[in-house]
Amino acid sequence: TGMLSAQSFLTGKFAVELAKVSLLDKENQFHYLGSYVIYGIMGVYAVVNIVTMNEAMKFYDMTLLVPLSFAVFVVFSTMNTLTFYDDWKSIPLVRIIAVLASLLVVLLGVATLAGFVLRTNEPEAVPPVDEEHNVSTYLLNSK
């Protein structure tokens with residue numbers, strides 16, 4: 001989901017750039033089919049991202065899913081932005097190494113959380129639900 005978010009973010013940059021050129025520079029970019037395709041792709045990425053995140057939440061704990069998704073989003077967004085603005089040559093190698101090291105720290109933290117969550121999320125015995133002792137009956141009768 002992080003990669004889909006980053007791609008959606010990139011197509012959002014394209015869409016904003018198209019609108020900016022059309023509105024501020026008075027060069028209408030919407031004469032071309034490609035402009036509409038970019039907006040369509042942005043919408044598709046957004047919907048697929050939501051569906052994918054929803055499916056992932058069925059299988060993985062949010063304490064693992066969100067940090068991993070965000071870490072992947074940051075990496076791909078950074079790479080997409082550097083590519084979009086043709087800015088790779090201006091980034092010193094030390095800064096690239098620092099970003100990769102910080103990503104490694106995040107991934108190690110998530111791995112630590114994963115071990116903790118997997119050890120503490122053992123199935124518990126759930127008491128049977130009856131009409132007199134369920135949550136909605138309690139809330140309705142508590143007034």
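How each quantity is defined
One numbering rule holds for all chains: residues counted from 1, following each sequence as written. In keeping with the predicted nature of the model, local features appear solely for residues at pLDDT of at least 70, side-chain atom pairs appear and are counted solely at 80 or more, and the whole-chain, interface and lining totals rest on all residues. With hydrogens and water stripped out, all remaining heavy atoms of the structure feed into the side-chain values. A 1.4 Å probe that fits into a set of points on a 1 Å grid over the protein atoms alone but cannot get out defines a cavity; an open set with protein on both sides within 12 Å along at least five of seven lines defines a pocket, and lining residues are those with an atom within 4 Å of a point. Grid points are joined across faces, edges and corners, and a volume is the space filled by probe spheres set on the points. Here a helix means four or more residues in a row that DSSP labels H or I, a strand means two or more in a row labelled E, and each is numbered from the N terminus. Gly falls in the polar group here, along with every residue not listed as nonpolar (Ala, Val, Leu, Ile, Met, Phe, Trp, Tyr, Cys, Pro) or charged (Asp, Glu, Lys, Arg). Here the expected length of a helix is defined as 1.5 Å per residue gap, with one fewer gap than residues. Three labels apply to residues, based on accessible area from a 1.4 Å probe with only protein chains included: buried if under 20% of the type maximum, exposed if over 50%, partly exposed otherwise in between. For this analysis, residues touch if any pair of their heavy atoms sits within 4.5 Å.

*Asks:* Is there a simple way to explain the layout of surface pockets in this structure?
*Replies:* Gaps left between atoms are located by rolling a probe of water-molecule size over the structure's atoms. Empty space within the largest pocket amounts to approximately 230 Å³. When residues of the lining of the largest pocket are traced back to their parent elements, those giving at least two are α3 (62–84) and α4 (93–120). Classifying every residue of the lining of the largest pocket gives eight nonpolar, one polar and one charged.

*Asks:* Would you mind going over helix α1 (residues 2–23) with me for this structure?
*Replies:* Every α-helical turn comprises 3.6 residues, leaving residues that sit three or four positions apart pointing alike. The terminal C-alpha atoms of α1, which comprises 22 residues, lie 31 Å apart, in line with the 32 Å expected from a rise of 1.5 Å per residue. Those residues of α1 lying buried are G2, S5, A6, S8, L10, T11, G12, K13, A15, L18, V21 and S22. Residues of α1 that are buried make contact with α2 (33–59) and α3.

*Asks:* Whenever I open this one, unusual backbone geometry confuses me. Can you help?
*Replies:* Working note: non-glycine residues mostly have negative phi, and peptide bonds are mostly trans. The phi dihedral of K26 is positive, around 55 degrees, even though this residue is not glycine. Tracing the sequence through the fold places K26 in the loop between α1 and α2. Notably, D86 is not glycine yet its phi reads approximately 50 degrees, a positive angle. As for its position among the elements, D86 is in the loop between α3 and α4.

That's the geometry; what it means functionally is another story.
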